[in-house]
Amino acid sequence: MTRRSFIKTGSAALASLAVGETIFLGPEAEAASLSNLFRRTPKLYGQRKAVRRANGKGRIVNDYSRAKIVKSVCLNCSTVCGIQGYVIDGKLVKVGGNPNDPNNGKSLCAKGQSGPTINNYPERLLFPMKRVGQRGEGLWQRITWEEAYSTIAPAIRKAMDEGKPEEVAIQIGRSRIPEEMGRFLNAIGSPSLFNHRALCSSNKRAANYVSLGDTDWESGDFERTKYILNFGANFYEAHQGAIHAAKRIIRGRYDNGAKLVTMDVRLSNTAGRSDEWLCLNPGSDGALALAMGHAIIAAGKHDKAWLDTWSNVNATDLAAWIAPYTPQWGEQVTGVPAADIQRIALEFAAAAPRAVAFTNRGSGAHYNGFNADRAVVMLNAIVGSIGVEGGYCYGEEPTRVPPRVFPQPMPRPPAPKAKSLIEDPPEWPLANKWQRMKVGQIVYQGIKEGRGKIQVYFSYTVAAPQTWPEGRSLTVEVLKDEKLIPLHVCSDIVYSEQAHYADLILPDATYLERWGFDTRNNMELRDYVTLRQPIVQPPGQCQSFVDTMIELGKRISPETAKYFQFKNHEDWIAQRCQDLGKRVGKDGFEYMKETGVWQDMSKPKYYKLYAWELTAAQMQNTRTDAAGQIFRTAADGREQLVGLMVDGKPRRGFATPSRKFSIYHKDIEDAARQTGFTEDGGKGMPTYFPVPTIERMTPEMLHLVTFKWNVHTQGRTQSQKYLSEIVHHNPMWINSETAQKFGIKTGDLVEITTYRPYGHQMKDGGEVVGKAQITAWVTEGIHPRVLAVSNTLGNLFHGRAATARKGRLRPAAGWNDSLDTEDQDLSEDIWWDERQGGTGAGYNVNGILPIQPAPLVGMQGWYDTVCTLKKVQA
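First things first, this report covers the structure right here in the doc.

Calculation rules
- Residues numbered from 1 in each chain as written.
- Predicted model: local features only at pLDDT ≥ 70, side-chain atom pairs only at ≥ 80, totals over all residues.
- Heavy atoms only, no water.
- Helix = DSSP H or I, 4+ residues; strand = E, 2+ residues; numbered from the N terminus.
- Polar contact = N/O pair within 3.5 Å; in protein donor to acceptor, adjacent residues only side chain to side chain.
- Expected span 1.5 Å × (residues − 1).
- Salt bridge = Lys/Arg side-chain N within 4 Å of Asp/Glu carboxyl O.
- 1 Å grid on protein atoms, 1.4 Å probe; cavity = no way out; pocket = protein on both sides within 12 Å on 5 of 7 lines; lining within 4 Å.
- Points joined across faces, edges and corners; volume = space filled by probe spheres on them.
- Nonpolar A, V, L, I, M, F, W, Y, C, P; charged D, E, K, R; others polar.
- Core = buried A, V, L, I, M, F, W, Y, C linked by side-chain atoms within 4.5 Å.
- Buried < 20%, exposed > 50% of the residue type's maximum accessible area, 1.4 Å probe, protein only.
- Contact = heavy atoms within 4.5 Å.

### Describing the side chain of serine 827
Consideration 1: As for its placement among the helices and strands, serine 827 is situated in helix H31 (residues 824-828).
Consideration 2: Within the structure, serine 827 has its side chain in polar contact with the backbone oxygen of glutamine 824 (distance 3.3 Å).

Below you can see the structure in the form of C-alpha cells.
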C-alpha cells in the first residue's frame, strides 16, 4: 500500500475532510472518473421542482410566490448590477434584476442569472487547509480557523516589527471591497495592494481623468443621443456597464433614430449589430479620431464658442495643431478610406450636441492607447457634446461610497508611510497619478527581480496563472518559489490555479453570501450606492475575506485592533448606514436592506456639471483674478483654483488643473520628460504615434488579439455549469483570405508563436515568448492581418465544468451523503468532454502573451502582440 492510499483525492472529499486529514488536489484528482458512473438526482433538482407547478394548460411554469426576496449586488462581472434573490426553504433558486437599481433595473444577463450555481458548487471549498507537500504538488491538510489565524497574524506582525510593513501584500482581481482592504493594509502600514487595473482599463480611465478631471468613466447619454462613435467597445457583449449601456443604446437607436458606427479589428457582436463597421488597422484608433477631428474643424462644423470658453486649447490653436492629421493621412494609417472618414465625421458633427464618441479596450489596450482614448474623448469637445443631453456625460467620481452619507467608523488608520516599488513603479509615473491603478502585470516580474520583497502574500478573487500575461510561465515560477514568497494565503471559493500554489487556503463566501457597498457611474447621472448583503448563508466554514481581515486585525497587535472595533462586516456596514436615516426617514441599515440602493435625489442630474454655479458657501475665502479664475485660500495659506467666471457667474468648471477641459496637460508633458519618453512629441497633446512592435512586423507576422464572451468573466465563471455549457470552446479566428494563403480550413490545428514587444521600457524585443496549438475558425469578420482568441477558457482546475471532465467525483472514505455534493449535470451531461468526442475546455491564450506595459500609464498592450502562424500537419 502506498502513501497516497491514505490520502483522500479530489474535490468530492472536501465535504467530508476531517481536521488533520490530508487531501490530494492535483490536476489528475480534479478530473472526474468516468468508470462506474451511477445516476443520482441531487437535491438541487428537488429545489427546482419545488418552485414549479402546472398552469391551466398543463404546462410547467415557475412559481416563486412563496419565495423570500433579498436585494443584493451581482459580482459575476465588473458591471455590478443590482439583483434580487429568490429564496425558498433557505435555498437560492433564482436571481433577477433589482427594479430599484437605476442602472440595470429588472434587466439581468446570463452571468447574473447563473448565480444560484455558484453557491451549489459540488467542488466548493468548505474548510481552511494548509499545504503539506511541495508548493504546487497539491497535498493539503484540513485545519481550523484558529490554526490559520495563528499562522498568519504572527507573520504579519514580524514584518511590522522589522519595519517592513510593505512586505505584506494583497493581490486582488475584482474584489469590490477597496475601503475594507485599505483599512486593513493601512492599519498594518503597508501600501502593497496589487490590483489588475492595468490589465483592464487604465488607459481609458487616465484619458478621462486628464480630459475631465472629475471621473475615470463616462456615462454616455445614449438614450437621448443621435449618433454614436464606438471605438473598440463591445457593449452588446462584454463592456463594463454592458447591460446599462446596451439597453439605453437600443432605446436610442430604435426610439430616437440614433446611428451606431463601430471601429474594431473584429466583427464582434456589437460591430455586427452596428449600422456601420469600420475594420481599421490595429493600433490606429487615435489616428482615426484625429483625422475625424480635422475633418470637422476644416469644414467649420466644430463648436468654436464651447472650445474658446471651456477648453484649455482654444479653437484657433486646436485647428493649427490638428492640421497635419487630414483624412488622407488617416487613410494611410488606418486603412479606412478618406471619404468614409470625412463622411462619418461630418455626420457626427451634424448630430451634435446629441452625439457620443467613446472607447474601451479595443482602442485603449495598445502601446499608444492612452493618447488614442484622449483623442476620442476630444472629439466630443470639438462638437460641444460634453455633459449635455444626448452627449458625452459624466458625474463626480463614483468609485468611492460618499463619505458624507456613509462615513467610515472611527478611528481610521493613517495612510502608510512605507513605499513599494512594485506598487508604485517610477517608470510609469501616471499609473497612480489620479487613483492607484498600479501596473499589475509587472508584479511577479518585480518580485523575481528583487524590485521589492514579500513576506506575506494574500491573493483574493484572482487567478493570475490563468489570466495574467505569461501566467503559466513567469507567474507560476514566482508563485512556486518559497524564497520569493515565504507565505502565500489564498482566499477562494473553489480550488483554482491560484489556490494550487498557496500555503494556506481560506474558504471564501461568494458574493451572494457576504456584505459590502458598491457603486458605479450612474447612467441616470446621479450619485448612488448599492448594498451587497447575503442572500443565503455560506456553507461549511466558509467566511467572507473581510471577516477574515477583521479577525486578523484584532489579533496582529493592540495597535491594529483599535481600527477594527466591530463584530464583523455586517456590523461595520450597519455603522456606516447610521447617518443615512436622516435622509430617508427610517433606520438607514434597514432601508438599504429593503431597497438595495440609495440614490441621491437632492441634486439635479449631472448635465453640464462644469457649468454649475458655485454657491455662496463655496465662494467663501476666494478671490477672482483678471482672467476670471477663482482661487480659494486654504488653511495653510496656499491658493487653489476652484472655478471660473463665465457669463458673469462663478462656475465650477472641470476638476482639472486649469478648471477647463484639458486637451493639453502639463502632467503628461512632465511625465514624458521624467521618463525619457519622446514618441508622443513631448508636448502633452493627444498626438498619434505608431506602435513600435507593429512598425517592426515582418511580412509573415500577424497580430494576435483577445476578446471576451458575453457569458464569461476572466477566470471566475468557467466552473458555473450553464455558462460553460454555452461557451466552452475558443478557436482562433482567422480571415478567410489569410487562411487560404496558409492552406488552413475551419477545424485545422495550427501553431501560434508569439514574440516580445519593442518600445519604451521594453527589454529583449523580438524574442519568442511562447507557442500554443489551437484549432482554427475561418471567417470574413476579422482584419486580414489579425488573429483573435477569447481569453477566458483553458482551465486546469476549477472543477468539472471548467475542465470539461464529466463523471461522478471519486468517492472517498467518510463521504457524507447528506451534503448536496453531487450534480447529475456534471456527472453525466458535460457533452463537450474531449474524451467523449467534444471540443474540450478550450485554450489558455494569455499564457503566451508577453508582458508589455504601455508608456506613462502602464496599461497592458494586449492588442499589440505579434506572432507567426503555421498549420500543424495531421
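Additional details are given in the paragraphs that follow.
### Focus on helix H10 (residues 285-298)
Consideration 1: Between its first and last C-alpha, H10 extends 20 Å over 14 residues, near the 20 Å set by a 1.5 Å rise per residue.
Consideration 2: Just past H10, the residue glycine 300 takes up positive phi, approximately 70°.

### Details of the pattern of salt bridges
Consideration 1: Applying the stated criterion to the full structure yields 56 salt bridges.
Consideration 2: When the shortest N-O distance is used, the salt bridge between arginine 756 and glutamate 470 registers 2.9 Å. In this pair, arginine 756 sits in the loop between strand S28 (749-755) and strand S29 (768-779) while glutamate 470 sits in the loop between helix H18 (464-467) and helix H19 (471-480), placing the two residues 286 residues apart along the sequence.
Consideration 3: In this structure, a network of salt bridges that share partners links the residues Asp214, Glu396, Arg404, Asp527, Asp600, Lys603 and Arg652.

### Structural notes on empty space enclosed by the protein
Consideration 1: Tallying each qualifying case throughout the model produces eight cavities of 30 Å³ or more.
Consideration 2: Within this model, the largest cavity holds a volume of roughly 610 Å³.
Consideration 3: Lining the largest cavity are 36 residues; nearest its centre among them are Arg174, Thr461, Val462, Gly715 and Arg716.
Consideration 4: Residues of the lining of the largest cavity, tallied by class, amount to 14 nonpolar, 15 polar and seven charged.
Consideration 5: Lining the second largest cavity are 14 residues, and of these Trp217, Glu218, Gln240, Asn521 and Met523 lie nearest its centre.
Consideration 6: For the lining of the second largest cavity, the residue count by class is five nonpolar, seven polar and two charged.

### Section: the nonpolar core
Grouped burial of nonpolar side chains is what soluble globular proteins tend to show.
Consideration 1: In terms of nonpolar packing, the biggest core is built from 72 residues, with Leu229 and Ile386 touching the most fellow members.
Consideration 2: Those residues in contact with isoleucine 386 that lie beyond four places of it in its chain are Leu212, Trp306, Val377, Asn380, Ala381, Tyr392, Tyr394, Tyr610, Phe654 and Phe661.
Consideration 3: With 56 residues, the next largest nonpolar core counts Val265, Ala464, Ile774 and Cys867 among its residues.

### Some remarks on unusual backbone geometry
For residues other than glycine, phi is negative in most cases, and the peptide bonds are mostly trans.
Consideration 1: In this model, alanine 352 is joined to proline 353 through a cis peptide bond whose omega is 10°.
Consideration 2: Within the secondary structure, proline 353 sits in the loop between helix H14 (338-351) and strand S15 (355-359).
Consideration 3: Following methionine 410, the chain continues to proline 411 via a peptide bond in cis, the omega torsion being 0°.
Consideration 4: One can find proline 411 in the loop between helix H16 (369-382) and helix H17 (443-449).
Consideration 5: The backbone phi angle of arginine 176 is positive, close to 65°, even though this residue is not glycine.
Consideration 6: Assignment of secondary structure puts arginine 176 in the loop between strand S10 (168-172) and helix H6 (178-188).

In short, the description is geometric, and any link to function would need to be established separately.
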